[in-house]
Amino acid sequence: MSERKIAVQNDGKIGVFWHTQNRGKSLSMVFYAHLQQSELSQPTIVAMIITIWRDLRVFVTLQTIFETTTMKNKLIQLSTWIAAHITFVVVLVTAVALFLPSSFAWIDTSAITPMLGVVMFGMGLTLRPSDFRPVLQHPKDILVGELAQFLIMPSLAWLLCKLLSLPEELALGVILVGCCPGGTASNVICYLAKGDVALSVAMTGVSTLLAPIMTPALVWLLAGESVEVDVTGMFLSIVQVVIVPIVLGVAANHYFQRTTRRIVPLLPMISTLSIAFIIGIIVAHNATSILTCSLIVAVAVILHNVFGLVLGYGLSAITGSEPSKRSAIAIEVGMQNSGLATSLAATHFALFPMAAVPGAMFSVWHNFSGSIAAQIFRRQSENQHNVIL
């Protein structure tokens, strides 16, 4: 709401009062000049109007900044809310895509790869070279975490596929999830759990950099007998959709810090919505098949994730890691980059459309289980802190 007034006072003071108000915040300014009655000649009034008009333009600029700042704050609040309710957003999108497939089916599965690239670019914008210092400062914890990442999750995936006698397509999808690096959401969950966030970020970065080699090799090793695995193609895909966007994001964060600082608060919303849309696309294109086999896939996904969390924590405890590092390693191991698994399934295993379903369902579940794990680890951390005090 804006209010403008022009007034001439008895003492010859003439000016403009401008007031603007938005959501309880106000900004006002008065422009005036003091004139004697004898000075109120036409040239003087014209000159004064020009002066006031110039000052008003300055105020209009200030008002624009004021309103823009308010709008930016609203967007940041919206971004924070969406990120804090990622489970709700993902479940909502899944339900809509499952029961109203037409809402997402119009988007081709080829859109999944660029969407994931946006998420990875956003991850790069939040990273700096200094974030990888823990790799040198705590090599043992990084080594334990990466061994757990690329041993526990792939092995669990293969074992569950055998125990549950999963069909070929679904088994391929579960194995793809198990062979992918840690997910970006793990860093947020680790923060909520009061874990070692620096270690979590470093582990995500290292496992992501190893992914172009480790993921195709593990998929070929565990699924190569039943399906043809294009190791070179997967390597190039991971480089294009993961490594290149992250490197560009890190470079942008380094060379354009001011711009990056403005964008970073909105990244949680962009990443969450991108992941939600990826899930929506996969679910919509496979809605009928998912409804017929949802139970067995859900069992495989839940067991895969829960055992990953438990075994990751157990291995870090056996190797003597501190409690905060155990939480970070457990969360990093249990929460996979299921978006990458979905993208690889849609790109390299198009003949097996159901292979993308475990990745989509894992995205839904691991955000839910991650929130629960964060609460457990947080309470554990607070209890230990109270004992020390």
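Within every chain, residues take consecutive numbers counted from 1 along the sequence as written. Given that the model is predicted, a residue must reach a pLDDT of at least 70 before its local features are reported, and side-chain atom pairs must reach 80 or more before they are shown or counted; all residues, however, enter totals for whole chains, interfaces and linings. Calculation of side-chain values draws on the structure's entire complement of heavy atoms; hydrogens and water are dropped beforehand.

In terms of helices and strands, the protein chain carries 16 helices and 3 strands. The buried share among the 389 residues of the protein chain stands at 46%. A contact between two residues is defined here by any heavy atoms of the two lying within 4.5 Å. Residue pairs in contact within the protein chain that sit at least 24 positions apart in sequence constitute 79% of those at least 6 positions apart. Numbering of helices and strands starts at the N terminus; helices are DSSP runs of H or I of at least 4 residues and strands are runs of E of at least 2. The buried label applies to any residue whose accessible area, calculated with a 1.4 Å probe on protein chains only, is under 20% of its type's maximum; exposed applies above 50%, and partly exposed to all values in between.

This paragraph deals with a positive patch on the surface. Judged by side-chain charge, Lys72, Arg258, Arg261 and Arg262 come together as a positively charged surface patch. Counting residues per element, the positive patch draws most heavily on helix H11 (residues 257-263), at 3 residues. Here arginine 261 shows up in helix H11. Here a patch means residues that are over 30% exposed by relative accessible area and free of salt bridges, tied together within 9 Å if like-charged and within 5 Å if nonpolar (Val, Leu, Ile, Met, Phe, Trp, Tyr). Here the accessible surface of atoms and residues is derived via Shrake-Rupley with a 1.4 Å probe, and residues count as covered only by protein chains that are part of the display. For this document, the term salt bridge refers to a Lys or Arg side-chain nitrogen within 4 Å of an Asp or Glu carboxyl oxygen. Asp and Glu count as negative and Lys and Arg as positive, but His and the ends of the chain are not part of the count. Each charge is placed at NZ for Lys, CZ for Arg, CG for Asp and CD for Glu.

Right, let's get into a nonpolar patch on the surface. Judged by side-chain polarity, Leu295, Val299, Leu303, Phe307 and Leu311 come together as a nonpolar surface patch covering roughly 420 Å² of accessible area. Residue placement: leucine 295 occurs in helix H13 (residues 287-318). Exposure remark for leucine 295: the relative accessible area of 65% places this residue in the exposed category.

Next up on the list: the pattern of salt bridges. Two side chains carrying opposite charge are able to pair once their charged atoms lie near each other. Counted under the stated rule, the structure contains 1 salt bridge. Note that aspartate 196 is salt-bridged to lysine 325, the shortest N-O span being 2.8 Å. A residue pair is termed long-range when its members are at least 10 positions apart, and aspartate 196 in the loop between helix H8 (185-192) and helix H9 (197-223) and lysine 325 in helix H14 (residues 323-334) qualify at 129 residues. The exposure class of lysine 325 is buried, given its relative accessible area of 6%.

Before going further, it helps to spend a moment on the packing of H9 against H14. In this description, a line fitted to the C-alpha atoms serves as the axis of each element, helices being fitted only across the stretch in contact, and the angle between N-to-C directions of two axes falls anywhere from 0 to 180 degrees. In the contact formed by H9 and H14, the axes pass within 9 Å of each other and the chain directions differ by 35°. Crossing handedness for the pair H9 and H14: right-handed. Two secondary-structure elements touch here, H9 through Leu199, Ser200, Met203, Thr204 and Ser207 and H14 through Lys325, Ala328, Ile329 and Glu332. Classification used: nonpolar for Ala, Val, Leu, Ile, Met, Phe, Trp, Tyr, Cys and Pro, charged for Asp, Glu, Lys and Arg, polar for all others including Gly. The residue makeup of the contact of H9 with H14, split by class, is 4 nonpolar, 3 polar and 2 charged. We call a crossing left-handed when the near helix sits turned anticlockwise from the far one by less than a right angle, and right-handed when that turn is clockwise.

Moving on to the environment of valine 283. On the secondary structure map, valine 283 appears in helix H12 (residues 267-285). Of the residues examined, valine 283 reaches a relative accessible area of 4% and is grouped as buried. In this structure the C-alpha to C-alpha distance between valine 283 and valine 96, which are 187 residues apart in sequence, comes to 9.3 Å.

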